Amino acid sequence: MAGSGRRPEHRGPPELFYDEAEARKYTQNSRVVEIQSQMSERAVELLGLPEDRPCLLLDVGCGSGLSGDYISDEGHYWIGMDISPAMLDVAVEREVEGDLLLADVGHGIPFRPGMFDGCISISAVQWLCNADKKSHSPPKRLYRFFSTLYTALARGSRAVLQLYPENSEQLELITAQAMRAGFTGGMVVDYPNSAKAKKFFLCLFVGASGTLPKGLGTECADGEEIHQAKFTNERTRFRNTKGKSVKKSRDWILEKKERRRRQGKEVRADTKYTGRKRRPRF
């Protein structure tokens with residue numbers, strides 16, 4: 001599957017497009033690495049994992065292990081599946097901490113029932129909508145993927161799949177097959193009014209239906225003007241830094257506080273002093 005940190009510009013199947021040269025070029029692209037890390041962070045956040053223990057996650061379309069790096073940094077374990085041998089070869093050379101499996105997820109998820117505490121996928125699921133071979137039926141391949149994924153996930157867990165749908169019909173096809181397989185949930189859209197920052201996350205629940213998280217950039221604070229100002233600030237940050245905010249900076253602190261608020265934790269109110277460096281005392 002070879003998930004990418006950008007909208008795919010090619011039409012061929014990923015196992016053919018990502019040859020050895022492309023796999024290395026992709027993994028060494030600093031912009032791609034930053035975007036992949038951002039989307040992985042958001043996907044893991046949407047999983048709502050318990051904070052008191054490490055979890056075992058499935059990474060669908062793991063590619064060269066960029067999203068797995070973030071999972072490892074968070075203290076969790078992971079198994080990655082990908083259809084591209086070249087991508088997995090790069091992952092092995094990078095000595096990623098997760099286990100790797102060469103497989104076409106359109107054939108199903110070959111793990112025992114209830115094995116995983118959650119699943120993420122970055123920019124990969126839309127590949128299942130392509131009929132790259134005469135024998136390929138996108139609805140059947142999607143259903144096979146979702147039905148076996150449902151079985152492999154523990155009850156009460158989630159799957160968060162970031163994807164780039166080509167159109168509304170493709171989005172409906174993917175969602176319909178997920179619901180047919182037994183999942184509940186829906187689509188979380190971050191920054192829906194931005195052409196560049198807009199991201200789709202299919203957030204799926206196993207078993208009891210949970211509350212669908214809200215997308216970023218969709219809430220008003222005290223009014224429309226504040227909302228627009230905040231949204232404009234987000235767009236500027238993404239465009240100028242080309243990645244995450246500098247650690248310990250004001251933007252970094254505000255983002256961390258916002259994530260904690262979404263998790264229902266008590267956080268001090270933002271003030272003009274938030275993130276301001278203190279003068280040294282003598």
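One can find the structure itself at the top, above this paragraph.
What you see is a predicted model, and the numbers here were worked out from it, not measured in a lab. (Residues numbered from 1 in each chain as written. Predicted model: local features only at pLDDT ≥ 70, side-chain atom pairs only at ≥ 80, totals over all residues. Heavy atoms only, no water.)

**Student:** Please clarify how the packing of helix α6 (residues 138-152) against helix α7 (residues 168-180) should be interpreted in this entry.
**Tutor:** Geometry of a packed helix pair, given as the angle between the helix axes and the separation of the axes. Look at α6 against α7: their axes get within 8 Å of each other, and the N-to-C directions meet at 45°. It follows that α6 is oblique to α7 by the angle criterion. Of the two elements, α6 crosses α7, and the hand of that crossing is right-handed. Of α7, the residues touching α6 (which contributes Pro 138, Pro 139, Leu 142, Tyr 143 and Phe 146) are Leu 173, Ile 174, Gln 177, Ala 178 and Arg 180. Considered class by class, the residues forming the contact of α6 with α7 number eight nonpolar, one polar and one charged. (Axes fitted to C-alpha atoms, helices over the stretch in contact; angles between N-to-C directions. Helix = DSSP H or I, 4+ residues; strand = E, 2+ residues; numbered from the N terminus. Parallel < 35°, antiparallel > 145°, perpendicular 65-115°, else oblique. Left-handed = near helix turned anticlockwise from the far one by under 90°. Contact = heavy atoms within 4.5 Å. Nonpolar A, V, L, I, M, F, W, Y, C, P; charged D, E, K, R; others polar.)

**Student:** Is there a simple way to explain α7 in this structure?
**Tutor:** At 3.6 residues per turn, the α-helix brings residues three or four places apart onto the same side. Here α7 spans 18 Å end to end across 13 residues, near enough to the 18 Å set by a 1.5 Å rise per residue. For α7, the full list of buried residues reads Gln 170, Leu 171, Ile 174, Gln 177 and Ala 178. Considered in projection along α7, the buried side chains sweep an arc of 140° and stay on one side of the axis. Away from its buried face, by an angle of more than 90 degrees, α7 presents the exposed residues Glu 169, Glu 172 and Arg 180. Where the residues of α7 are buried, they touch α6, β5 (153-163), β6 (184-190) and β7 (199-205). For α7, the N-terminal cap is Asn 167; the gap from its side-chain oxygen to the backbone nitrogen of Glu 169 is 3.3 Å. Looking at the residues trailing α7, positive phi occurs at Gly 182, about 115°. (Expected span 1.5 Å × (residues − 1). Buried < 20%, exposed > 50% of the residue type's maximum accessible area, 1.4 Å probe, protein only. Arc of directions from axis to C-beta. Polar contact = N/O pair within 3.5 Å; in protein donor to acceptor, adjacent residues only side chain to side chain.)

**Student:** What exactly am I supposed to notice about the packing of aromatic side chains here?
**Tutor:** The relation between two aromatic rings is expressed through the spacing of the ring centres and the mutual angle of the planes. Considering all chains together, one arrives at four aromatic pairs under this definition. A centroid spacing of 5.1 Å and a plane angle of 90° characterise the contact between Phe 111 and Phe 116, whose relative ring orientation is edge-to-face. Relative accessible area serves as the criterion here: at 0%, Phe 116 is assigned to the buried category. Ring centres of Phe 145 and Phe 146 lie 4.9 Å apart, and the angle between their planes is 55°; on these two criteria the pair is classed as tilted. Members of the aromatic cluster, connected to one another through ring pairs, are Phe 145, Phe 146, Tyr 150 and Phe 183. If you follow Arg 180 out to its NZ or CZ, it ends over the ring of Tyr 143, 4.0 Å from the centre. (Phe/Tyr/Trp six-rings, centres within 6.5 Å; stacked < 30°, edge-to-face > 60°. Lys NZ or Arg CZ within 6 Å of the ring centre and 35° of its normal.)

**Student:** In this structure, what is going on with the nonpolar core? I would like to understand it.
**Tutor:** Soluble globular proteins: nonpolar side chains tend toward being buried together. Core analysis: the largest hydrophobic core is formed by 32 residues, its most contacted members being Leu 58, Ile 109, Phe 145, Phe 146, Leu 149, Leu 161 and Phe 183. For this core, the secondary-structure elements that each account for two or more residues are β1 (56-60), β2 (77-82), β4 (116-122), α6, β5, α7 and β7. Element by element, the count of residues in this core is highest for α6, at six residues. If you look at the next biggest cluster of nonpolar residues, it comprises 24 residues, including Ile 35, Leu 47, Val 160 and Phe 205. (Core = buried A, V, L, I, M, F, W, Y, C linked by side-chain atoms within 4.5 Å.)

**Student:** How should I be thinking about the packing of helix α3 (residues 30-47) against helix α4 (residues 66-73) in this particular structure?
**Tutor:** Where α3 contacts α4, the two axes come as close as 8 Å, and the packing angle between them is 50°. Considered as vectors, α3 and α4 are oriented oblique to each other. As α3 runs across α4, the sense of the crossing is right-handed. Taken together, the residues of α4 that come into contact with α3 (itself represented by Val 33, Gln 36, Ser 40, Glu 41 and Val 44) are Leu 66, Ser 67, Tyr 70 and Ile 71. Along the lines of polarity and charge, the residues of the contact of α3 with α4 split into five nonpolar, three polar and one charged.

**Student:** Explain the pattern of salt bridges here, please?
**Tutor:** Opposite charge on two side chains permits them to pair, given that their charged atoms come into close proximity. In total, this model carries five salt bridges according to the counting rule given. In this structure, Arg 42 and Asp 190 form a salt bridge, with 2.8 Å as the shortest nitrogen-oxygen distance. On the criterion of sequence distance, the pair formed by Arg 42 in helix α3 and Asp 190 in strand β6 is long-range, its members being 148 residues apart. A relative accessible area of 4% means that Asp 190 is categorised as buried. (Salt bridge = Lys/Arg side-chain N within 4 Å of Asp/Glu carboxyl O.)

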